[in-house]
Structures are given as structure tokens and as C-alpha cells.
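Here's the letter readout for the chains.
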Amino acid sequence: MFKIEEVRDLAREAVAELDPACLDGRDAAMLAEAAAEGAKLLDAATAILAKRAADTNAWRRTSRAATAEQWLATMSGCTEGAARETLATAQRLDSLPATAERLRSGELSLAQAAQVSAGAIVDPSAEPRLLRTAKHSGMRELRAEKERVVAAATDELEAHQRAKQDRHLRTWTHGFATHGSFSGPTEDVAKILAALEPLAKARFAQARTAGVRESRDAYRFDALVTAVTSVTATRPATASSASNAAACVLVDLGSLLDGKTASGGTCEIPGVGPVPVEHAREVLSHGLLQLVITDGVDVQTVVSNTRHIPPALKIAIAVRDRTCKIRGCDCDRMLERHHTVDYVDSHRSTYTELGNLCPKHHDLVTNKHYTTTDNRDGTWDLHAPAHFTGSAMANAPPGEAAA
Ligand SMILES: [Zn+2]
């Protein structure tokens, strides 16, 4: 019997015997961590072995599936798309030993390895950076970093042309709901999202006052309806906020001078995604717009269309804190600026004293007496007020925290 078969049999036995009611909460948490780690390792084994079976066509002996993807999908109970991604990840890992090793040690999940390898395969020099992102950040940031790597390694003009050609807005109806999807050049989508943001925030604030909590996506949908149906919509305000967002580009100096995103470089609309350097140059050519030039680590120079500090500071913070600053929270939408030193006392807004928080964490620190402390990596730890015993509630969403 192979070791993997023994592990499977042991796991089957262990799961069948599990009686969560007999465990105290701490043991349950510890065992959940162990099980998650085991699942990561078994996922890695599945990917590696399935690729070997696919390469040798041996899967055909036991299955009537038409393709190796279908075989893996049926066997694992996942979609064919997910199975294809698993096999593609295993394929890429053949030429990325460092990522393969982290996957085999259980340090990376298969989903993380898929993101790291998708970026590293087009730009091997980005592999260490992607591995660091996987270790220290959430899945959302890892995916965004991979997108940056892929964008930098792609022929920008061609990719941009393709995005333009493939642009679409489709809808299809199921029952009483109509679903939709759209795709287009990122700078155009950014205009749409930026126009919706203030309307979505207004809906969120309205709902909060009424004591209602719905998803961010629901408020964005409401915002879209408001934007397109409101006859009395303040057109100048909407148009200007949309063009402002599309005009705010984060780019490193090397890429800007080269005319192409360098490996490890950045050219993106913050909070939306990578755009061709050509777009940044176009923004710059208008002279009066906002362009943030970085050295790849921190904001080096802020060029703004006004002489006031606040807009520049706003951009610098938006660029630095692209997700909520609370460690472990990777929310990147509807972020709100938080003063660590009460503005009423200090009468100043500085780069070091401000940070972006998601609405739920901002609510905890402004209304529920939670406090924050700085971490060396720029994130903040969240601490529950003294009347919550233990630190277990820190970093919990407000729903659980208040319960
Ligand atoms: Zn948060």
C-alpha cells in the first residue's frame, strides 16, 4: 500500500470518528488548523499525481471521461475549469522548483501556487516577490500582484487593443433576475466604478443609519441604477469624479521613462488594475491631472493638479493602503480614512497618522472602542476593548465581535 493510500484511510477513519461536541473550542480550532494543513498537502498530492496520470494517459484505464480535465473534475467533485487550472498549475511547477517546494511543504495552498506560478511562468524573476506576497498577504492581494506581473510581461499595446476589441456588456435572465457581465479597457471600467463609488457610499451610509447591512455589491448595484436613471443627476459632479479617477495613475519612474511597465514595476489605476504606460503618458500630457510616481516601494513624488496638500495626501494614502490596514483583512473597497491621532486634538492630517480601514473595522475603532497598534510591515493589529475578555475577538468582523 502506498503512503498516500494509508493517509486517506486514516483521514477517513478520523473524520468519521469526529465528535465536535466532545471538544472544547480551543481544541476544535487547533484541529481545524491541522485539517486545513492536511487538506493543502493532499491537494498538492492530487495535482502532482493527476498531472503524471494525464501525461501518461493512464487515467483512461479507469475512466470513461473524454479528457483528463473531465476525469479529474469528476474524481474531485470540482468544475472542469478548476480541474484544468489544477493540471496547468502542476505543469507550470515543473519549471518553478521554489514554488513547487513551498506547495509540497504545505506552506502554499494549491490556489496560492496557481497564482504564484501563473505570474512566475511569464516572469521568473518575479517568483520570490510573489512567494513573499503569498506568505504575507491575502488571496486578493496575491491575485492583484500576479495581474501586475502578467501585465508587465505582456505586449501592452496588443493586450490593450484586445481589451478594446473584446469590450462587451452582456445580460441574461434567470427567473426574475437578470444577470450581466462586462469587460473593457481598464481605464474605461475605472470611470464607471469611480462614478458609482460616491453613490454606493451614500447608499451604505443610508443603510447604516437605518440599521441595515447588505453587501457592498448590492450597494454598487443600487448606485448603478441611481446613476443611469436619475434625471436630476448632477452631471458635472459625476463626470468630473469619473475623469479624476481615470486620471489618477500609479506608475514607477523607470516604466514611465521606458514607455513600458518594467519587470517589478507598476502602472495601474489604484484600486482598479494595471493599465498600459501609454495611458499614464497620456494622463501626464494633459498636465493638470493627478499622477503618482513611485520608486516601487513608497510614494516618492506626488504631482497634483492643485496646490493644496489634502488631495496629494489622499492619493499617497490610497496608494500606500490599497487594502484595509488591519492585518488579515484584505478588503479593498469603500475604504475610509482613519486618524490614529484624533483630528480634534491634533488639527493635522499627516501621512503617518492616517490609514485606510474598511467600513466594518472603521466602525469598530470609531464607535466600539477598539484600538489599533502598528506592526512593522505597515499593517495594524486590532484590539478589542477591555470588556471583551481575551484577544480572540480582535480582527473578527463586527457581527461576531458585537455578539
Ligand atoms: Zn478591514
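None of these values were measured; they are calculated from a predicted model.

(A) Structural detail: a nonpolar patch on the surface. Judged by side-chain polarity, I4, V7, L42 and L49 come together as a nonpolar surface patch covering roughly 320 Å² of accessible area. With respect to the element layout, I4 can be found in helix α1 (residues 3–17). Take I4: its relative accessible area is 42%, and that puts it in the partly exposed class.

(B) Broad picture of the coordination of the zinc ion. At 2.1 to 2.4 Å from the zinc ion lie its protein donor atoms, namely C324 (SG), C329 (SG), C358 (SG) and H361 (ND1). Here the zinc ion is ringed by four donor atoms whose angles at the metal span 100 to 114°, and the overall shape comes out tetrahedral. As a motif over one chain, the donors of the zinc ion read C-x4-C-x28-C-x2-H. Here the residue C324 occupies a position in the loop between α15 (309–320) and β8 (336–339), and H361 occupies one in helix α17 (residues 359–367), the gap between them amounting to 37 residues. Among the residues examined, C324 registers a relative accessible area of 3% and is labelled buried. Exposure remark for H361: the relative accessible area of 2% places this residue in the buried category.

(C) Here's a closer look at the side chain of S117. Topologically, S117 is positioned in helix α6 (residues 110–120). What makes S117 buried here is its relative accessible area of 0%. A distance of 3.2 Å separates a polar atom in the side chain of S117 from the backbone oxygen of A114. Residue contacts for S117: discarding those within four places in its chain leaves T89, R92, L93 and L96.

(D) Spatial organisation of the packing of aromatic side chains. Applying the stated rule across the entire model yields two aromatic pairs. With a centroid separation of 5.9 Å and an interplanar angle of 75°, the aromatic rings of F204 and Y219 are classed as edge-to-face. Of this pair, F204 sits in helix α10 (residues 186–209) while Y219 sits in helix α11 (residues 216–229), and the two are 15 residues apart along the sequence. For Y219, a relative accessible area of 1% puts it in the buried group.

(E) Structural context of the pairing of β8. Burial of β8 is one-sided: the residues E336 and H338 facing one way are buried, the residues R337 and H339 facing the other way are not. In terms of strand pairing, β8 meets strand β9 (residues 354–357) through four bridges, oriented antiparallel. By the bridge assignment, H338 is partnered in β9 with G355.

(F) Quick peek at the packing of helix α7 (residues 127–136) against helix α8 (residues 139–152). Here α7 crosses α8 at 165°, and the two axes come no closer than 9 Å. By the criterion of interaxial angle, the relationship of α7 to α8 is roughly antiparallel. Classified by chirality, the crossing of α8 by α7 is right-handed. Contacts between α7 and α8 involve R129, L130, T133 and A134 from the former and E141, L142, E145, K146 and V149 from the latter. Of the residues in the contact of α7 with α8, the class split is four nonpolar, one polar and four charged.

Rules used in this analysis
Residues numbered from 1 in each chain as written. Predicted model: local features only at pLDDT ≥ 70, side-chain atom pairs only at ≥ 80, totals over all residues. Heavy atoms only, no water. Patch = residues over 30% accessible without salt bridge, like charges linked within 9 Å, V, L, I, M, F, W, Y side chains within 5 Å. Areas by Shrake-Rupley, 256 points an atom, 1.4 Å probe, with all protein chains shown as cover. Salt bridge = Lys/Arg side-chain N within 4 Å of Asp/Glu carboxyl O. Helix = DSSP H or I, 4+ residues; strand = E, 2+ residues; numbered from the N terminus. Buried < 20%, exposed > 50% of the residue type's maximum accessible area, 1.4 Å probe, protein only. Donors = N, O, S within 2.8 Å, 3.2 Å for Na, K, Ca; no water. Tetrahedral: all angles 85-135°; square planar, octahedral: opposite > 155°, others 65-115°. Polar contact = N/O pair within 3.5 Å; in protein donor to acceptor, adjacent residues only side chain to side chain. Contact = heavy atoms within 4.5 Å. Phe/Tyr/Trp six-rings, centres within 6.5 Å; stacked < 30°, edge-to-face > 60°. Pairing = 2+ DSSP bridges. Axes fitted to C-alpha atoms, helices over the stretch in contact; angles between N-to-C directions. Parallel < 35°, antiparallel > 145°, perpendicular 65-115°, else oblique. Left-handed = near helix turned anticlockwise from the far one by under 90°. Nonpolar A, V, L, I, M, F, W, Y, C, P; charged D, E, K, R; others polar.

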